[in-house]
Amino acid sequence: MRAKNAGTVWRGLARRFRGAGIETAGLDARLLLGHVLGLDGLQLAVKENLLVSDADIASLELLAKRRLGGEPVARIVGSKEFYGLEFGLNEATLVPRPETEMLVDLGIEFLEGRKRCAILDLGTGSGCILISLLVNLSGAGGIGIDLSEEALEQAGQNSVCHGVEARTDWRAGSWFAPLGDEKFDLVVSNPPYIASQEIEGLQTEVRKFDPRVALDGGRDGLAAYRAIIGGASRHLRSPGTLLLEIGHDQAEAVAALCLENRFEKPSVRKDLAGQPRVIVAQY
Ligand code: GLN
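Rules and cut-offs
- Residues numbered from 1 in each chain as written.
- Predicted model: local features only at pLDDT ≥ 70, side-chain atom pairs only at ≥ 80, totals over all residues.
- Heavy atoms only, no water.
- Salt bridge = Lys/Arg side-chain N within 4 Å of Asp/Glu carboxyl O.
- Helix = DSSP H or I, 4+ residues; strand = E, 2+ residues; numbered from the N terminus.
- Buried < 20%, exposed > 50% of the residue type's maximum accessible area, 1.4 Å probe, protein only.
- Patch = residues over 30% accessible without salt bridge, like charges linked within 9 Å, V, L, I, M, F, W, Y side chains within 5 Å.
- Areas by Shrake-Rupley, 256 points an atom, 1.4 Å probe, with all protein chains shown as cover.
- Lys, Arg positive; Asp, Glu negative; His and termini not counted.
- Charge placed at Lys NZ, Arg CZ, Asp CG, Glu CD.
- Near = heavy atom within 4 Å.
- Polar contact = N/O pair within 3.5 Å; in protein donor to acceptor, adjacent residues only side chain to side chain.
- Nonpolar A, V, L, I, M, F, W, Y, C, P; charged D, E, K, R; others polar.
- Pairing = 2+ DSSP bridges.
- Right-handed = clockwise from strand over helix to strand, strands pointing away.

Peer 1: Residue-level account of the pattern of salt bridges, with values.
Peer 2: According to the stated counting rule, one finds 16 salt bridges in the structure shown. Between Glu61 and Arg16 there is a salt bridge, and its shortest N-O distance comes to 2.9 Å. You can see Glu61 sitting in helix 4 (residues 54-68) and its partner Arg16 sitting in helix 1 (residues 6-19), a full 45 residues away along the chain. On the accessibility criterion, Arg16 (37% relative accessible area) is partly exposed. The shortest N-O distance in the salt bridge between Glu205 and Arg67 comes to 3.1 Å. With Glu205 in helix 9 (residues 204-207) and Arg67 in helix 4, the pair connects residues that are 138 residues apart, well separated along the chain. Arg67 carries the same exposure label as Glu205, and that label is buried.

Encoded structure:
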């Protein structure tokens, strides 16, 4: 068999992915080929003529089959870029979403310039939110809480990779339960917010491959918000900020919960697609 170059292999795979209706066909093909060759996407772009061995083509084929079976690339390669940083993932962590980067932008906006500040990230998963904040706020430290020890192990590793482990503390448990009387300047969370009965209708990539506890927001999708908003005031300094990612139809309900719990001026921020995405409330 004539050896193939990286460009040809990539285009062939992208074509198959497109044929299977995968929206991000070209990107996915590039990430998988890069993973097999040990190159990142950019390096691959400049190495079109690199020869790909039969063994690498065989490894790539195994990964391609998984992708064609609906498994997201981030799960296959075990990592995902978020806020310009690479985050390792495991079975217990959600794949970080680009929309969630808004929480980091807003957190930085609120805390920038402070010499010292404390952040609490509830349902931290891979730790992507807290770690991205700490990388960008040199005076900040924070606690990340998650139900899953396995997720926290991954978050811990990610904090080491990004050099912020000395400013983090990972604790297992439900919402505020692992805390004593610690107080924070910012409480942030991207909690599970899909109504239980809607999970079956989600795309395969999410339904089959994201951990269900990271998605399931109970009967009306608001269970996590009740717990978080109900408990946050005990752990916020005044003034302090609460930042919550929300589903596109939850802005009113979550803002109302904030008002009921003595938060001031809850405001809704829209994402780049124009959907309500984050609630900001002051305490
Ligand atoms: N905080 C993590 C993230 O945004 C996990 C969120 C979750 O599991 N719902 O990716």
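Peer 1: A description of the environment of Gly21 should follow, citing residues and the corresponding values.
Peer 2: Tracing the backbone through its elements, the reader meets Gly21 in the loop between helix 1 and helix 2 (25-37). Owing to a relative accessible area of 56%, Gly21 belongs among the exposed residues under this scheme. Distance in space between the C-alpha atoms of Gly21 and Leu137 is 41 Å, their sequence separation being 116 residues.

Peer 1: So, unusual backbone geometry: which residues are in play, and what are the values?
Peer 2: In this structure, the amide linkage connecting Ser238 to the following residue, Pro239, adopts the cis form with an omega of 5°. We note that Arg262 has phi near 65°; this positive angle belongs to a residue other than glycine. By the element assignment, Arg262 lies in the loop between helix 11 (251-260) and strand 10 (264-270). Located in the positive-phi region is Lys265, a residue other than glycine, with phi close to 45°. Secondary-structure assignment places Lys265 in strand 10.

Peer 1: I'd like to hear about a negative patch on the surface, residue by residue, with values.
Peer 2: A contiguous patch of negative charge, built from Glu91, Glu149, Glu150 and Glu153, is present on the exposed surface. As for its position among the elements, Glu91 is in the loop between strand 4 (85-88) and helix 6 (101-111). Under the relative-accessibility criterion, Glu91 is labelled exposed at 69%.

Peer 1: Break down the site of the ligand for me, with residues and values.
Peer 2: If you check the shell around the ligand, you find Leu94, Pro96, Thr100, Gly123, Thr124, Cys128, Ile129, Asn190, Pro191, Pro192 and Ala214 and nothing else. For the ligand, a nitrogen atom lies 2.9 Å from a polar atom in the backbone of Ala214. Protein chains bury 96% of the 300 Å² of accessible surface belonging to the ligand in isolation. Its residues placed into classes, the shell around the ligand shows seven nonpolar, four polar and no charged.

Peer 1: Residue-level account of the pairing of strand 3 (residues 79-82), with values.
Peer 2: Two elements, strand 3 and strand 4, share four bridges in a ladder whose sense is antiparallel. Across the sheet, Ser79 pairs through a bridge with Gly88, a residue of strand 4.

Peer 1: Outline the pairing of strand 7 (residues 168-172), listing residues and values.
Peer 2: Here strand 6 (residues 140-146) pairs with strand 7 via five bridges, running parallel. The partner of Ile145 across the bridge, within strand 7, is Arg171. Chirality of the crossover, the property in question, places the unit of strand 6, helix 8 (residues 149-161) and strand 7 among those that are right-handed.

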